Amino acid sequence: MKFIVSSTYLLKQLQVLGGVISNSNTLPILDNFLFDLKENQLAVSASDLESTMSSVLEVDSTDTGTIAVPARLLLDTLKTFPEQPLTFVVEDNNTVEISSSHGKYALAYADGAEFPKAVELSDPSTTNIMGDILATAINKTLFAAGNDDLRPVMSGVFFQFTPEHLTFVATDAHKLVKYRRSDVQASEVAEFIMPKKPLNLLKGILAGSEEDVTISYNDSNARFSFGKTELICRLIDGKYPNYEAVIPRENPNRLVIQRGQFLSSVRRVSIFSNKTTHQIRLKIAGAELNISAEDVDYSNKAEERLTCSYQGDDLQIGFNSRFLVEMLGNLDSEDVSLEMSLPNRAGILTPADGLDEGEQLIMLVMPVMLNS
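Keep in mind that what you see is a predicted model, and the values were worked out from it rather than measured.

Attention now moves to the sheet that holds strand S6 (residues 85–90). Taken in spatial order, the four strands make up an open sheet running S1-S6-S7-S8, and their pairing is antiparallel. In the strand order of this sheet, the two ends are held by strand S1 (2–6) and strand S8 (104–108), each with one partner. Adjacent strand axes in the sheet meet at a mean angle of 20°, parallel and antiparallel pairs treated alike. Two strands pair when backbone bridges link them, and S1 and S6 are joined in this way by five bridges, in the antiparallel orientation. Paired with Ser6 across the two strands is Pro85, which belongs to S6. Of the strands in this sheet, S1 and S6 are in contact with helix H1 (residues 7–18), which crosses S1 at around 90°.

This is the structure:
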């Protein structure tokens, strides 16, 4: 078995696939890339049992065959080459020899038949979405997903597809993000929970991509296909909490403020907050927002005043500054709106501008009790 391929082209494809490979694999075969050669098409796969990603590369060959090649060793070698053709030849002594313009390198390979087969999706439903829209949806929601192993359904992003719109939701019970696109629809109603790792891979690959992604899914797995690449992953099993029920409907008090200024202020003031609660206090009266924090144990305190546009009753409310910083940092609008009803009810943060037609984004943050 022999093929010739460009070094930089191969490296670029393998670096994308390498993100799937786990640092602590239970099966040694998973530390390899699977090379499946069918004449001038080389299909390369990587897997961690939960997710499998594969790409088809154009190579120069007339052979067929499958081998499993050590991923780390191959990647480290490819990174050192300038652009040039590399010739891969599978030898009889269980090594694959790579020839460059300067030398030869031999790697031991494993039998490709040992590599776990990717799941076949039986009777899937499908939806098409533009790569960049999917990457944006993942970016806007993923940070809010939880890390609690006891509540696995909250550790992923909830995809909710209907003929009217696509909705993406993530929550860890302290904060919640709901991102909706009414300019993209599915043919039928479907719901599933995607784990974090494949979403992180997708958002990196698809950012700025104009190509369509076909999402196929059934009860247990989802497949994302775009270009010559596909990612198949196991879904998180379980029922997602009723997120609509926790979003307060009546929020008479509305604050509009410049996002960058608000974010800098919260960041600065939070340095002086209690290191376990990270509590900051927002005190709003008229067109003035007073942000303060105090760490009584160390006699540290800070206070800032900002001008804002506010409609509603005078209000004092406490938030965990880390959640506010995360949310404001994940918005890209010029101004943000914070809607509240009572000091013990969740605040709703939304971008006041900068959204596309058909795009809706709501962030919810739970308050913390103020010790007056």
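Additional details are given in the paragraphs that follow.
Our focus in this paragraph is the packing of aromatic side chains. Two descriptors summarise a pair of aromatic rings, namely the distance from one centre to the other and the angle between the planes of the rings. Following the criterion strictly, the structure yields 14 aromatic pairs and no others. With a centroid separation of 4.5 Å and 5° between ring planes, the pair formed by Phe158 and Tyr240 is classed as stacked. Here the residue Phe158 occupies a position in strand S11 (residues 157–161), and Tyr240 occupies one in the loop between strand S17 (229–234) and strand S18 (253–258), the gap between them amounting to 82 residues. A relative accessible area of 7% means that Tyr240 is categorised as buried. On the numbers, 5.7 Å between centres and 80° between planes, the contact of Phe161 with Phe192 is edge-to-face. Taken together, the residues span a long stretch of sequence, with Phe161 in strand S11 and Phe192 in strand S14 (residues 190–194) at a distance of 31 residues.

Here we take up the sheet that holds strand S23 (residues 315–320). Note: strands within a sheet are paired through backbone hydrogen bonds, in either parallel or antiparallel orientation. Taken in spatial order, the five strands of this open sheet run S21-S20-S19-S23-S27, and their pairing is antiparallel. The open sheet is flanked by strand S21 (300–307) and strand S27 (367–368), the only strands paired with a single partner. Pairing analysis gives five bridges linking strand S19 (residues 279–285) to strand S20 (residues 288–295), with the strands arranged antiparallel. Paired with Ala285 across the two strands is Glu288, which belongs to S20. Sheet strands touched by helix H6 (residues 321–329): S19 and S23. Its angle to S23, the strand with the most contacts, is close to 85°.

A full pass over the atoms with the stated rule returns 18 salt bridges. A salt bridge links Asp76 to Lys79, with the nearest nitrogen and oxygen atoms 3.9 Å apart. Two residues, Lys178 and Glu244, come together in a salt bridge whose shortest N-O distance is 3.1 Å. In this pair, Lys178 is assigned in strand S13 (residues 175–181) and Glu244 in the loop between S17 and S18, connecting sequence segments 66 residues apart. Taken together, the shared-partner salt bridges connect Arg72, Asp76 and Lys79 into one network.

Moving on: unusual backbone geometry. Non-glycine residue Glu39 carries a positive phi angle of around 55°. In this fold, Glu39 is placed in the loop between strand S2 (32–38) and strand S3 (41–47). Its identity is not glycine, yet Asp123 carries a phi of approximately 50°, on the positive side. Counting through the fold element by element, Asp123 comes out in the loop between strand S9 (110–111) and strand S10 (125–130). We classify Asp123 as exposed; its relative accessible area is 73%.

Next up on the list: the side chain of Asn218. As for its position among the elements, Asn218 is in the loop between strand S15 (212–217) and strand S16 (221–226). For Asn218, a relative accessible area of 18% translates into the label buried.

This part takes up the packing of H1 against helix H2 (residues 71–78). Axis separation between H1 and H2 bottoms out at 10 Å; the angle between their running directions is 135°. Compared by their axis directions, H1 and H2 come out oblique. The crossing of H1 and H2 is left-handed. The residues of H2 that touch H1, namely those facing Ser7, Leu10, Leu11, Leu14 and Gln15, are Leu74, Leu75 and Leu78. Broken down by class, the residue content of the contact of H1 with H2 amounts to six nonpolar, two polar and no charged.

Burial of S11 is extensive: five of the five residues sit out of reach of the surface. Strand direction decides the pairing type here: S11 and S14, joined by five bridges, are antiparallel. Across the sheet, residue Phe159 finds its bridge partner in S14, namely Phe192.

Conventions we followed
Residues numbered from 1 in each chain as written. Predicted model: local features only at pLDDT ≥ 70, side-chain atom pairs only at ≥ 80, totals over all residues. Heavy atoms only, no water. Pairing = 2+ DSSP bridges. Helix = DSSP H or I, 4+ residues; strand = E, 2+ residues; numbered from the N terminus. Axes fitted to C-alpha atoms, helices over the stretch in contact; angles between N-to-C directions. Contact = heavy atoms within 4.5 Å. Phe/Tyr/Trp six-rings, centres within 6.5 Å; stacked < 30°, edge-to-face > 60°. Buried < 20%, exposed > 50% of the residue type's maximum accessible area, 1.4 Å probe, protein only. Salt bridge = Lys/Arg side-chain N within 4 Å of Asp/Glu carboxyl O. Parallel < 35°, antiparallel > 145°, perpendicular 65-115°, else oblique. Left-handed = near helix turned anticlockwise from the far one by under 90°. Nonpolar A, V, L, I, M, F, W, Y, C, P; charged D, E, K, R; others polar.

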